[in-house]
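Each chain, written out:
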2 protein chains.
Amino acid sequence: MGSTTPSRRPRVVIVGGGFGGLACAKKLAGTPAEVVLVDSRDYHLFTPLLYQVATALLNPADIVYPFRSVLRRLRNVSFYQASIARVDFERRVITTGRGRELDYDYLVLATGSTSDYFGNEELRERTLAMKTLEQAQRLRNHLLACLEHAAQSDHDADRRRWLTFVIVGGGATGVEYAGAISEFRKLVVREYPELRTDLIRIVVIEGAEAVLPAFPPKLARYAQRTLERLGVEVRTGTLLVSVEPGAVRLSSGETLATETVVWSAGVRANEPAGVEDIERGRAARLEVDERLRVKGRSEVIAIGDLAAVKADAGDLPMLSAPAMQQGRYAAALILATIERKPDPPPFRYRDKGTMAVIGRNHAVASVAGVKLTGFPAWIAWLTVHLYYLVGFRNRASVFLTWGWDYLRHDHPTRMITFVDPDPVADQLAATSMLP
Amino acid sequence: MGSTTPSRRPRVVIVGGGFGGLACAKKLAGTPAEVVLVDSRDYHLFTPLLYQVATALLNPADIVYPFRSVLRRLRNVSFYQASIARVDFERRVITTGRGRELDYDYLVLATGSTSDYFGNEELRERTLAMKTLEQAQRLRNHLLACLEHAAQSDHDADRRRWLTFVIVGGGATGVEYAGAISEFRKLVVREYPELRTDLIRIVVIEGAEAVLPAFPPKLARYAQRTLERLGVEVRTGTLLVSVEPGAVRLSSGETLATETVVWSAGVRANEPAGVEDIERGRAARLEVDERLRVKGRSEVIAIGDLAAVKADAGDLPMLSAPAMQQGRYAAALILATIERKPDPPPFRYRDKGTMAVIGRNHAVASVAGVKLTGFPAWIAWLTVHLYYLVGFRNRASVFLTWGWDYLRHDHPTRMITFVDPDPVADQLAATSMLP
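Residues numbered from 1 in each chain as written. Chains lettered and ligands numbered in written order. Predicted model: local features only at pLDDT ≥ 70, side-chain atom pairs only at ≥ 80, totals over all residues.

**Concerning the interface of chain B and chain A**
Point 1. Contacts between the two partners involve 45 residues from chain B, matched on the other side by 45 residues from chain A.
Point 2. Sorting the residues of the side of chain B that touches chain A by element identifies β4 (64–66), α3 (67–71), β5 (77–81), α5 (133–151), α8 (184–191), α12 (392–408) and α13 (423–429) of chain B as the ones contributing at least two each.
Point 3. Top element by residues in the side of chain B that touches chain A is α5 of chain B. It accounts for twelve residues.
Point 4. Its residues assigned to classes, the side of chain B that touches chain A comprises 21 nonpolar, eleven polar and 13 charged. (Contact = placed C-beta atoms within 7 Å. Helix = DSSP H or I, 4+ residues; strand = E, 2+ residues; numbered from the N terminus. Nonpolar A, V, L, I, M, F, W, Y, C, P; charged D, E, K, R; others polar.)

In structure tokens:
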């Protein structure tokens, strides 16, 4: 594995096993390349359902698939769990968090994105995010703990503060999470005799004039109306001014007493060290050429959220579909180079549309020019997400859980968990630069 | 909730919602008592299946049931999530970890047991335990991380060290865990092409002359033979001398290079502060009278692992069955006192027998004088554990997972997880004195 090992087959190192990296690895299966997938976690994470872990609906294991299970039939693809300390383009070597070097002939950078706090440390410390499984579990623990704190409070003002949930950012994540939290009202009615549901307040803060700015206006309006029917307050054209202990200040001059601020208003590329002299696009994404190559180096490719890939209407969005298409493209490009064939034509994104769920029976979807709302969009959302979830067992488990929840309004993974830290596990991932 | 609140109905505070505490709370439902169940966690934990969480088979949520769900139909029973800082028998008050006081008319102490390291801090720091959900998850993370470390090792000696799993204590927990880890061989064959299964070594260390000392000798012999057939080395009559970084020393003079030492050789009462002047039995359990009362105080009852309850052959074992029977007895005793009826006759334990699973298709069971081994015992074990698991959903999930695992030899919750600590959740439980 060290840099001194002679490598007969050209070695492709893929850094990051999200949608893009994993698609690339699978596409390179059975080719003459020796492929190493490096990730700080030992699992592929199905991020679109993170918000359901964060509302005590799904088990973490339901939306996770071990890399080794995905790769086990792919003889030329191996897995290496490590965080990345540095990329060295000159020496064609990556250095792991524990100081091991892996050399490459081709490098696919697919390290995704992370929350962007725009340099504001206070914001980072005082808000909760939902980009990783750790964060989703923390958010679940936090929400449930807020209910217990409220139940133990002596005054309504305290109860209100514990039961006010502020979500900053009205994109798909913010909208989906707000809708999901609104289901907690039923839980409170049923199991918290100490509390009244009218004390619960869910507020979405969005700087733009409408939620879901990436969606057609008709769908965005529908989403906002639906949220409001679910009892969610939507504040568009409003910015977060500051987060203080126990309160947030808004640009409208209003102050909300709260212990819960979910940050879904900013996302940026999660680049490894060593890429400092590469040009950046919006959200610090790496500039790539029309074949997704970095700095004109034919052996380094960046894909997914990390890469600023030009399209007709600005850069491609940070979604799973562009990442997967780019992952497959990167594999084809590398294979062509290895086989000394001409490069494939420049990367072109085939837009599969976009969708977001708002709550039980309600979603919005924009697919191939067709705009769906309500129940049909909801069914479409369920179907697509089940389809893309990796593994039969996960699909079955999620399907059964959704059915159970639909009938019972249950939160089956409702528990406040802690995990004793383990130094042996920490060595693999905790010093990670990946999200 | 404070000590100044006038209480019309007699208030029963139950500290600890394990098998004993929960049985007591349920038995007091619908009585004139006002019952408060206090626990540092928000869930009842089905401890007999912890080892299956610790081997990546079951989800944590599968063996957990939220107290509020159990109690929601019991109008006179409420839940209060808090750790216990102190019990004050004179003032009849318990103080929570956050300084709140709850007064009681009757107190049921059911705080269970915790690992006993016999004052050896090194032992505590360098071994892994399996008494709590946190510990089981840590153990799962640790085992999986050992496989990854082994896969990244350059030398067989390192690989052997990472793949040697030492279990100290040949009781039911140690035997069940050793059998479950032996299943990891199949995982390694399938998904770790870097490793050979002959590098895997599982060693059970037991000080007595046989494993399962609490079982009839015939069953113990069967268990040992079965473990050995599964490739587990059983060292009876052997003591752990010391745990050093990367190795353990045994009383046989042998040193085993290992990164994993599971401690299941010592358990002691997990008593709250304030009970210092109560006499102790073996394993520091509180001495109680024949009606489970502490110090002759008619209003304080100790049950379960915490209490040294005399039986024909020494104290009752630390198992769920005595705890549940004692919980129900405590409820009856309190109710008789409230209703000014004569005390019920002294507590008597009805022995339901004992059982332990060793591996796929193999268990031992001793029930009502009948000794079962092999497949019949295994089916009995599965049935009893499914029956006692709380909640239809958990039963269904565990049943389906077992079926899946039986056919597929899968480890569906295989992932190395971390949870970002949350200060709001920590306030409720992390300062806990409960296990």
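**Re the relation of the copies chain B and chain A**
Point 1. Superposing chain B onto chain A takes a rotation of 180 degrees combined with a translation of 0.0 Å along the rotation axis, leaving an RMSD of 0.0 Å. Taken together, the turn and the small shift mark the pair as related by a two-fold rotation axis. Distance from the rotation axis, computed per C-alpha, reaches its smallest value in chain B at Val-419 of chain B: 3.1 Å. (Least-squares fit on C-alpha atoms with pLDDT ≥ 70 in both.)

**Examining helix α1 (residues 19–27) of chain A**
Point 1. Within α1 of chain A, seven of the nine residues are buried, which leaves the element mostly enclosed by the surrounding structure.
Point 2. Of all the positions in α1 of chain A, only Phe-19, Gly-20, Gly-21, Leu-22, Ala-23, Cys-24 and Ala-25 of chain A are classed as buried. (Buried ≥ 20, exposed ≤ 12 C-beta atoms within 10 Å, placed from the backbone.)

**Re the sheet that holds strand β2 (residues 34–39) of chain A**
By way of backbone hydrogen bonds, the strands of a sheet pair with one another, either parallel or antiparallel.
All names here are of chain A.
Point 1. Strand order in the open sheet formed by five strands is β5-β2-β1-β9-β20, and the pairing between neighbours is parallel. Unpaired on one side and paired on the other, β5 (77–81) and β20 (300–302) mark the two borders of the sheet. When strand polarity is set aside, the average angle formed by the axes of neighbouring strands in this sheet is 20 degrees.
Point 2. As paired strands, β2 and β5 are joined by five bridges and run parallel to one another. Pairing of Val-38 across the sheet is with Tyr-80, part of β5. (Pairing = 2+ DSSP bridges. Axes fitted to C-alpha atoms, helices over the stretch in contact; angles between N-to-C directions.)

**Side note on the domain arrangement of chain A**
Residues and elements named next belong to chain A.
Point 1. Per the domain assignment, the segments making up chain A are domain 1 (11–115 + 268–338) and domain 2 (121–265).
Point 2. For domain 1 versus domain 2, the distance between C-alpha centres works out to 32 Å.
Point 3. On the domain 2 side, the residues contacting the 13 residues of domain 1 number 17 residues.
Point 4. For the side of domain 1 that touches domain 2, the secondary structure elements donating two or more residues are α2 (50–53) and β10 (113–115).
Point 5. It is α2 that contributes the most residues to the side of domain 1 that touches domain 2, four residues altogether.
Point 6. Considering only residue class, the side of domain 1 that touches domain 2 consists of nine nonpolar, four polar and no charged. (Domains from an automatic or database assignment.)

**What about the pairing of strand β15 (residues 247–250) of chain B?**
Residues and elements named next belong to chain B.
Point 1. Judged from the four bridges that link them, strand β14 (residues 240–244) and β15 form a sheet pairing that is antiparallel. When the bridges of β15 are listed, Ser-242 appears paired with Arg-249.
Point 2. With antiparallel pairing between neighbouring strands as the criterion, β14 and β15 make up a hairpin whose turn holds two residues, including Gly-246 at a positive phi of roughly 85 degrees.
Point 3. Relative to strand β16 (residues 255–257), β15 is paired through three bridges, and the arrangement is antiparallel. Residue pairing across strands places Val-248 opposite Leu-256, the latter belonging to β16.
Point 4. Between the end of β15 and the start of β16, which pair antiparallel, lie four residues, with Gly-253 showing a positive phi angle near 95 degrees.

**So, the packing of helix α1 (residues 19–27) of chain B against helix α10 (residues 320–338) of chain B**
Residue and element names in this part refer to chain B.
Point 1. In the contact formed by α1 and α10, the axes pass within 7 Å of each other and the chain directions differ by 35 degrees. As α1 packs across α10, the resulting crossing turns out to be right-handed. Contacts from Phe-19, Gly-20, Gly-21, Leu-22, Ala-23, Cys-24 and Lys-27 of α1 reach α10 at Ser-320, Ala-323, Met-324, Gln-326, Gly-327, Arg-328, Ala-330 and Ala-331.
Point 2. Looking at the contact of α1 with α10, its residues break down into eight nonpolar, five polar and two charged. (Left-handed = near helix turned anticlockwise from the far one by under 90°.)

**Things to note about the pairing of strand β1 (residues 11–15) of chain B**
All names here are of chain B.
Point 1. In terms of burial, β1 is a largely internal element, four of the five residues being buried.
Point 2. Alignment of β1 against strand β2 (residues 34–39), held across five bridges, turns out to be parallel. Looking across to β2, one finds that Val-12 is bridged to Val-35.
Point 3. Note that the unit made of β1, α1 and β2 has a crossover that is right-handed.
Point 4. Note that β1 and strand β9 (residues 106–109) share four bridges and pair parallel. In the sheet register, Ile-14 faces β9, and the bridge partner there is Val-108. (Right-handed = clockwise from strand over helix to strand, strands pointing away.)

**Things to note about the nonpolar core**
Point 1. Counting 280 residues, the largest nonpolar core has Val-108 of chain A together with Val-108 of chain B as the members making the most contacts within it.
Point 2. Contact partners of Val-108 of chain A, with chain neighbours within four places excluded, come to Val-12, Ile-14, Val-15, Gly-21, Cys-24, Ile-301, Ile-303 and Ala-330 of chain A. (Core = buried A, V, L, I, M, F, W, Y, C linked by C-beta atoms within 7 Å.)

**As for the sheet that holds strand β26 (residues 370–373) of chain A**
Residue and element names in this part refer to chain A.
Point 1. With respect to topology, three strands assemble into an open sheet ordered β24-β25-β26, the strand pairing being antiparallel. The open sheet is flanked by β24 (354–359) and β26, the only strands paired with a single partner. Mean inter-strand twist for the sheet, computed between neighbouring axes without regard to direction, equals 5 degrees.
Point 2. One ladder, built from four bridges, connects strand β25 (residues 362–367) with β26; its direction is antiparallel. Counted as the bridge partner of Ala-365 is Leu-372 from β26.

**Let's talk about helix α7 (residues 172–182) of chain A**
Point 1. Within α7 of chain A, eleven of the eleven residues are buried, which leaves the element mostly enclosed by the surrounding structure.
Point 2. Along α7 of chain A, the positions that sit buried rather than exposed are Ala-172, Thr-173, Gly-174, Val-175, Glu-176, Tyr-177, Ala-178, Gly-179, Ala-180, Ile-181 and Ser-182 of chain A.

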